[in-house]
Amino acid sequence: MPLPASLKSRLSLPLIAAPMFLVSGPALVKAACRAGVIGSFPTANCRTVEQLDGWLAEMTDDLKRAADETGRAPAPLCPNLIVHRSNTRVPDDLAAVLRHEVELVITSVGSPEPVMKPLKDAGCLVLADVASVRHAEKAIAAGVDGLVLLTAGAGGQTGWVNPFAFVRAVRTFWDGIVVMAGGMADGQAIAAAETLGCDLAYMGTKFIATRESLAKDAYKEMLVKSRLDDVLLTKAFTGLETNMLRPSIAAAGLDPDNLPMRGAIDIAKDINASERDRPDAKRWKDIWSAGHSVSGVADVPSVAELVRRTADEYAAAKRSVQRV
Ligand SMILES: Cc1cc2nc3c(=O)[nH]c(=O)nc-3n(C[C@H](O)[C@H](O)[C@H](O)COP(=O)(O)O)c2cc1C
């Protein structure tokens, strides 16, 4: 099934503000949805399921108010369930998501299979984050409505596949929703993803550097100053390939070019030494991630302003394609 027309008509751009651990909170999600962009957040950003209930109630009320004020339905909010086996909160978070009758859910870091039936029974659209053709096939077999193709250069735990090859490979066997994730820095990139066969694009890093994100100011400033070459692909911090900002690693007292590569670093042990000199260093909370899209971060606008600029770029890209 392609992107439902009833959903598409509520979007100002074919875009999802991607879910980001410790970054996406209610202010970012509400602003994204009000601006006509799907606003996503990991449920893991709430410390308890009670807090998740509170966030969902607050966001849902705000979006109802937005609809009343404007006479137009905003874009949907979209919780992200991290369905990794180690996440014991999945059943409780899933129950909260169902209580609040959300329209759209993204699953990541594992098979969507265990959460599919309750979500589909509730009429929810499910998008699964996948990093290989095999993952894509498994998610389709589990009954998802869409695939988020995690490609090389994405922020956070990244993909490794070339985006051009990945989209075309998946389009040989899948006519459902496809979302491109990784390295999308502007409206031109979104238009290019559509040309390639995607229905939607994901933007993560660009939304970290917005006024509404939960990221620290120093993180936002580092994104503004950093460029593509400052992004280091490493397994050192999580045991999985993750794109990290070199300057944040250096600021934590580690050498980005000499990180131990035997599995995950014991963060506590390795950074404690520098913490003695820098009591404000909070281990991994001060070692920050960014995608290749970091080169597109030039300032820290509001979410509404970022969406407005991106929409202008997207419209310009579409016009230039029509002229050819
Ligand atoms: C700081 C950070 C945290 C992230 N946390 C999550 C997460 O909790 N769940 C998830 O599915 N993806 C997470 N991601 C990945 C994003 O959803 C998205 O795939 C990625 O940011 C896209 O690449 P881009 O940053 O170049 O736009 C995270 C990315 C970053 C940069």
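For the structure given in this document, a descriptive report is provided here. Every value quoted in this text rests on a predicted model; they were computed, and no experiment measured them.

Considering the overall build of the protein
Per the secondary structure count, the protein includes 13 helices and 11 strands. Dimensions of the protein along its principal axes, counting C-alpha atoms only, are 55 × 50 × 40 Å. Every one of the 324 residues in the protein was classed for burial, and the buried ones make up 52%. Total accessible area on the protein stands at roughly 14,800 Å², and carbon and sulfur atoms take up 54% of it. Across the protein, the 37 positively charged side chains and the 38 negatively charged ones have centroids separated by 2 Å.

Looking at helix α4 (residues 90-99)
Where α4 is concerned, the buried positions are V90, D93, L94, A96 and V97. The arc enclosing the buried residues of α4, seen along the axis, measures out at 160°, which places them on a common side. Exposed side of α4, more than 90 degrees from the buried face: P91 and R99 are the residues found there. For α4, the secondary structure elements touched by its buried residues are α3 (49-70), β3 (77-82), β4 (104-108) and α5 (113-121). Looking one or two places after α4, you find E101, whose phi comes out positive at around 50°.

Notes on the side chain of N243
Along the polypeptide, N243 turns up in strand β11 (residues 242-245). Within polar-contact distance, the side chain of N243 engages the side chain of T158 at 3.4 Å. Apart from the residues lying within four places of it in its own chain, the contact partners of N243 are G153, A154, G156, T158, V231, L232, L233, S289, A290 and H292.

Description of the site of the ligand
Taken together, 24 residues surround the ligand, and among them P19, F21, G204, T205 and S293 come closest. In this structure, an oxygen atom belonging to the ligand sits 2.8 Å away from a main-chain N or O atom of P19. Contact distances for the ligand include 2.9 Å between an oxygen atom and a side-chain N or O atom of S108. Across the complex, the protein chains shield 92% of the 610 Å² of accessible surface that the ligand would expose by itself. Broken down by class, the residue content of the shell around the ligand amounts to 12 nonpolar, 12 polar and no charged.

Brief notes about the environment of L63
One can find L63 in helix α3. Sequence separation of L63 and R34 is 29 residues, and the distance between their C-alpha atoms is 7.1 Å.

Concerning the packing of helix α2 (residues 26-34) against α3
The geometry of α2 relative to α3 is characterised by a closest axis approach of 10 Å and an angle of 25° between their N-to-C directions. For the element pair α2 / α3, the angle class is roughly parallel. Handedness of the α2/α3 crossing: right-handed. Contacts between α2 and α3 involve P26, V29, K30, C33 and R34 from the former and W55, E58, M59, D62, L63, R65, A66 and E69 from the latter. Looking at side-chain class alone, the contact of α2 with α3 contains seven nonpolar, no polar and six charged residues.

Conventions used here
Residues numbered from 1 in each chain as written. Predicted model: local features only at pLDDT ≥ 70, side-chain atom pairs only at ≥ 80, totals over all residues. Heavy atoms only, no water. Helix = DSSP H or I, 4+ residues; strand = E, 2+ residues; numbered from the N terminus. Buried < 20%, exposed > 50% of the residue type's maximum accessible area, 1.4 Å probe, protein only. Areas by Shrake-Rupley, 256 points an atom, 1.4 Å probe, with all protein chains shown as cover. Lys, Arg positive; Asp, Glu negative; His and termini not counted. Charge placed at Lys NZ, Arg CZ, Asp CG, Glu CD. Arc of directions from axis to C-beta. Contact = heavy atoms within 4.5 Å. Polar contact = N/O pair within 3.5 Å; in protein donor to acceptor, adjacent residues only side chain to side chain. Near = heavy atom within 4 Å. Nonpolar A, V, L, I, M, F, W, Y, C, P; charged D, E, K, R; others polar. Axes fitted to C-alpha atoms, helices over the stretch in contact; angles between N-to-C directions. Parallel < 35°, antiparallel > 145°, perpendicular 65-115°, else oblique. Left-handed = near helix turned anticlockwise from the far one by under 90°.

That is the geometry; function is a separate question.
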